[in-house]
Amino acid sequence: MEAKSASCRELRSTVVRVHVDDYSGIEDLVQYEEIVDLSTAKSKVGDWEAFIKRNRINAETDAVYMSKVKKEEDIALLQPVAKKVCTGWVFMENVPEDKKDLVISRASKDDIITGWDQLEFDDMNEMCSKCPLSWDKGRGCIGAFGPDTSKLPGIAEKYNCPITASAPESAKAHKIFTPADAEALLKEIEVLRNALPKEGKVFVNRYGGPVDRMEAVAKISIAEGCGWYFF
């Protein structure tokens, strides 16, 4: 989100809808569903299996949502017993500018849906593969440093590379590093590339990849002026 070149930045910045528990004062903005409870619906439609089949309704549904009923005769049958229920969802395109901050403030972080969240995985992967921040060989901008058993931090400590040496602790603490730290990390990369062959060929093969990825992250951080972290 700090990187101007991030392909997903605009989509992630666009809030499409949010879920709120407290909708007092914004009742006209919250979405409602017309619902018929299962027992009532079954008593009205008669042949339940035929009903869900012709309307293509999931057999595991917890109620009948009128918006899902396709057949006109079934709509006419159930409409009189349907109840209007607030879903708690608010579509931001319907919210006036002067109320957007209020609506978003009432939603928890997990209840905010952005344009990015609405993409299919294939579309996400394609966008990530072409993004200039995709440091992991086109696989995106998130990837694990390595297993907890990695010996790279120990090697880094031996050669006085404090940022790499503290990677496990930094990951646990969710420490955010800066572009200035990235400059220091690039210096550590030079040291580590010379150090790994001294430690043995097996370490070159095992940790050459993580070192390459750290270098890519550091360069992106400097170029974009964005933070980074171990994961």
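The preceding data block contains the structure.
In this text the structure is predicted, and so the values were computed from the model without any measurement.

A.B. asks: Go over the layout of surface pockets, please, and point to the residues and values.
C.D. replies: Its boundaries defined by the atoms lining it, the largest pocket holds a volume of some 1300 Å³. Elements with a minimum of two residues in the lining of the largest pocket: β5 (112-114), α6 (121-130) and α11 (201-224). Among the elements that make up the lining of the largest pocket, the one with the highest residue count is α11 (6 residues). Tallied by class, residues from the lining of the largest pocket come to 26 nonpolar, 7 polar and 7 charged.

A.B. asks: Outline α11, supporting the account with residue identities and numerical values.
C.D. replies: Over its 24 residues, α11 extends 34 Å from the first C-alpha to the last, a length consistent with the 34 Å expected when each residue adds 1.5 Å. Taking the largest bend as the criterion, α11 deviates by roughly 45°, centred on tyrosine 207, and proline proline 210 comes between one and four positions later. The complete set of buried residues in α11 reads Phe203, Tyr207, Gly208, Pro210, Val211, Met214, Val217, Ala218, Ile220, Ser221 and Glu224. Each element contacted by the buried residues of α11 is listed here: α7 (152-158), α8 (162-165) and α10 (179-199).

A.B. asks: How would you sum up unusual backbone geometry? Please name residues and give values.
C.D. replies: With a phi angle near 60°, asparagine 160 is a residue other than glycine that sits in the positive phi range. With respect to the helices and strands, the residue asparagine 160 is situated in the loop between α7 and α8. The backbone of histidine 174 sits at a positive phi, close to 55°, despite the residue not being glycine. With respect to the helices and strands, histidine 174 occurs in the loop between α9 (167-173) and α10.

A.B. asks: Lay out the packing of aromatic side chains with the relevant residues and their values.
C.D. replies: With the rule as written, the count across this model stands at 6 aromatic pairs. An angle of 75° between the planes, with centres 5.5 Å apart, marks the rings of tryptophan 228 and phenylalanine 230 as edge-to-face. The residues tryptophan 228 and phenylalanine 230 share a single accessibility class, namely buried. One aromatic cluster is present, built from ring pairs that chain together Phe145, Phe177, Trp228 and Phe230. For the cation-ring pair, lysine 42 lies above tryptophan 48, with the distance from its terminal atom to the ring centre recorded as 5.4 Å.

A.B. asks: Quick one: what's the story with the pairing of strand β1 (residues 15-19), residue by residue and with numbers?
C.D. replies: Sheet topology note: the β1/β5 ladder contains 3 bridges and is antiparallel. Across the sheet, residue arginine 17 finds its bridge partner in β5, namely isoleucine 113.

A.B. asks: Provide a residue-level description of the sheet that holds β5, including the pertinent values.
C.D. replies: Spatially, the 5 strands line up as an open sheet ordered β3-β2-β4-β1-β5, and their pairing is antiparallel. Edge positions in the sheet fall to β3 (63-65) and β5, since each of these pairs with one other strand and no more. Sheet twist, expressed as the average angle between the axes of neighbouring strands with direction ignored, equals 35°. Contacts from helix α2 (residues 38-45) reach β2 (30-37) and β3 within the one sheet, and its direction differs from that of β2 by about 55°.

About the criteria used
Residues numbered from 1 in each chain as written. Predicted model: local features only at pLDDT ≥ 70, side-chain atom pairs only at ≥ 80, totals over all residues. Heavy atoms only, no water. 1 Å grid on protein atoms, 1.4 Å probe; cavity = no way out; pocket = protein on both sides within 12 Å on 5 of 7 lines; lining within 4 Å. Points joined across faces, edges and corners; volume = space filled by probe spheres on them. Helix = DSSP H or I, 4+ residues; strand = E, 2+ residues; numbered from the N terminus. Nonpolar A, V, L, I, M, F, W, Y, C, P; charged D, E, K, R; others polar. Expected span 1.5 Å × (residues − 1). Bend = angle between axes of the 7 residues up to and from the residue. Buried < 20%, exposed > 50% of the residue type's maximum accessible area, 1.4 Å probe, protein only. Contact = heavy atoms within 4.5 Å. Phe/Tyr/Trp six-rings, centres within 6.5 Å; stacked < 30°, edge-to-face > 60°. Lys NZ or Arg CZ within 6 Å of the ring centre and 35° of its normal. Pairing = 2+ DSSP bridges. Axes fitted to C-alpha atoms, helices over the stretch in contact; angles between N-to-C directions.

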